[in-house]
Amino acid sequence: MSARARILPVFVPHQGCPHACVFCDQRHITGEKSVVSSDTVRKAIQEAALPRNGAKRQLAFYGGSFTAIPLDRQNELLSAAKDAIDRGLIDSIRLSTRPDAIDSAVLDRLRFYGVDAVELGAQSMDEEVLRLSGRGHTAEDLERAARLVKEGGFELILQMMTGLPGDTPERSVETARKLIRLRPDGVRIYPTVILKDTALYELWKRGEYREHTVEDAVSLCAVLVPLFEEAGIPVIRLGLNPTEELSGGEAAGGAYHPALGELVKSRILLNRARQMLRGVRPGASVVLEVPEEKLSQMIGQRRENLRILREEFMLRNVRAVSVRDGCPDLRCFTE
Ligand code: SF4
């Protein structure tokens, strides 16, 4: 996604989705319970009044499996959005959908309406994980759809989940590697959250699913994010957007944390410091230099990163300081 894009999200919750992914209750994920119509789209565009200031203004249909909802509803929503493009109120449309709801004819129709970015829910590239999660598509479906989207000239965003039934950290790393080979323009990573009244909630209650905790997600995503970034693929979202419903109890368990992305960035810096401190003599005093905007991530919540480094490397002292000299990431010195 272009850094200069302004996104206006319209959530299309679970409408017409014939599938039953064990983790999914789209109404709770999006906080949206009413039916979305062309009026919703027009009102959202009117109220947002996105300024034309050089940034691309995109209407985004998120939340469900857009190209799997009834065709007349798709066309109604897309027509309202295209009308806004024709009137110069927005520049383009993006949407999210399932891999098995994409083919050349679908993409031709999306292009006609002004869609230029397609997000595909891969979730996993492991067949057993897909089966146990009730996804109803295969890894091959994702590969085929991703190629069609790219060949069709659309921006391609892939979404993956961690901690699904049957998943392991190794399988998640393998999923990330397979997604990287498809050369998406960006990825979103959603560690599994156990929502009330879902099949996954029941499995968890019966002891048939082991919760993917916040700590599980943070330690795993601190491995996945650098894989994508080293491949030049930006991670444009990590974890569900916090909503009042989720924070108020709908997220019954699993990896829900309103600041999950920050926790992961903090862990990545901790891991980098660990690598740089290998071989440092016990009893040394260490200074970690980071750019100003990363200082709190380096220190960690309740100064946890500094405590961990001090204990693991038996250091006399560890302190983190910010620098403004263009230091790109992290530098370590002993005093
Ligand atoms: S395909 Fe998407 S909307 Fe349908 S059940 Fe699965 S996650 Fe939910």
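Residues numbered from 1 in each chain as written. Predicted model: local features only at pLDDT ≥ 70, side-chain atom pairs only at ≥ 80, totals over all residues. Heavy atoms only, no water.

Chemist: Now, about the packing of aromatic side chains: what can you tell me, with residues and values included?
Modeler: Per the stated rule, a full pass over the model turns up four aromatic pairs. Ring geometry for phenylalanine 11 against tyrosine 62: centres 6.5 Å apart, planes inclined by 45°, an arrangement best described as tilted. Here tyrosine 62 lies in strand β2 (residues 57–62) and phenylalanine 11 lies in strand β1 (residues 6–11), a separation of 51 residues in the sequence. Taking NZ or CZ as reference, lysine 82 lies 5.6 Å from the ring centre of phenylalanine 112, over its face. Over the face of the ring belonging to tryptophan 204 we find lysine 205, whose NZ or CZ atom lies 5.0 Å from the ring centre. (Phe/Tyr/Trp six-rings, centres within 6.5 Å; stacked < 30°, edge-to-face > 60°. Helix = DSSP H or I, 4+ residues; strand = E, 2+ residues; numbered from the N terminus. Lys NZ or Arg CZ within 6 Å of the ring centre and 35° of its normal.)

Chemist: So what's going on with the packing of helix α11 (residues 260–276) against helix α13 (residues 304–312)? Which residues, and what values?
Modeler: Two measures define how a pair of helices packs: the angle their axes make with one another and the distance between the axes. For the pair α11 and α13, interaxial distance at closest approach is 10 Å and the crossing angle is 25°. As far as their axial angle goes, α13 and α11 are roughly parallel. Once α11 is placed against α13, the crossing between them reads as right-handed. On the side of α11, the interface is formed by Ser266, Leu270, Ala273 and Arg274, while α13 contributes Asn305, Ile308, Leu309 and Glu312. When the residues that make up the contact of α11 with α13 are grouped by side-chain class, the tally is four nonpolar, two polar and two charged. (Axes fitted to C-alpha atoms, helices over the stretch in contact; angles between N-to-C directions. Parallel < 35°, antiparallel > 145°, perpendicular 65-115°, else oblique. Left-handed = near helix turned anticlockwise from the far one by under 90°. Contact = heavy atoms within 4.5 Å. Nonpolar A, V, L, I, M, F, W, Y, C, P; charged D, E, K, R; others polar.)

Chemist: Residues and numbers for the sheet that holds strand β6 (residues 186–191), please.
Modeler: Sheet architecture is open: seven strands sit in the order β1-β2-β3-β4-β5-β6-β8, paired in parallel fashion. Strands at the two margins of the open sheet, each flanked by one partner only, are β1 and β8 (235–238). The mean angle between the axes of side-by-side strands here comes to 20°, regardless of whether they run parallel or antiparallel. As judged from the six bridges shared by strand β4 (residues 115–123) and strand β5 (residues 155–162), these two strands associate in the parallel manner. Its bridge partner lying in β5, valine 118 is registered against leucine 156. Packed onto the sheet, helix α3 (residues 71–86) meets β2, β3 (92–97) and β4 and runs at close to 155° relative to β3. Here helix α7 (residues 169–181) sits on the sheet in contact with β4 and β5, set at roughly 175° to β5. (Pairing = 2+ DSSP bridges.)

Chemist: Requested: an account of the pattern of salt bridges, with residues and values cited.
Modeler: All chains considered together, the criterion is met by 26 salt bridges. Salt-bridge contacts for arginine 267 lead to glutamate 215; the nearest nitrogen and oxygen are separated by 2.9 Å. Of this pair, arginine 267 sits in helix α11 while glutamate 215 sits in helix α9 (residues 214–230), and the two are 52 residues apart along the sequence. The closest approach of N and O atoms between glutamate 312 and arginine 274, which form a salt bridge, is 2.7 Å. Here the residue glutamate 312 occupies a position in helix α13, and arginine 274 occupies one in helix α11, the gap between them amounting to 38 residues. Given a relative accessible area of 43%, glutamate 312 falls into the partly exposed group. The exposure class of arginine 274 is partly exposed, given its relative accessible area of 25%. Among the charged side chains, a salt-bridge network with shared partners connects Arg94, Glu119, Glu155 and Arg188. (Salt bridge = Lys/Arg side-chain N within 4 Å of Asp/Glu carboxyl O. Buried < 20%, exposed > 50% of the residue type's maximum accessible area, 1.4 Å probe, protein only.)

Chemist: Let's hear about empty space enclosed by the protein: which residues, and what values?
Modeler: Tallied over the entire structure, the rule returns one cavity of 30 Å³ or more. Looking at the largest cavity, its volume works out to about 40 Å³. Lining the largest cavity are Pro191, Val193, Gly239, Leu240, Ala255, Tyr256, His257 and Leu260. Taken together, the residues of the lining of the largest cavity break down into six nonpolar, two polar and no charged. (1 Å grid on protein atoms, 1.4 Å probe; cavity = no way out; pocket = protein on both sides within 12 Å on 5 of 7 lines; lining within 4 Å. Points joined across faces, edges and corners; volume = space filled by probe spheres on them.)

Chemist: Tell me about the pairing of β4, and please be specific about residues and values.
Modeler: With eight of its nine residues buried, β4 lies for the most part within the structure. Bridge count between β3 and β4: five bridges; the pairing is parallel. The residue bridging threonine 97 from the neighbouring strand is leucine 120, located in β4. What joins β3 to β4 is helix α4 (residues 104–113), and the crossover it makes is right-handed. (Right-handed = clockwise from strand over helix to strand, strands pointing away.)

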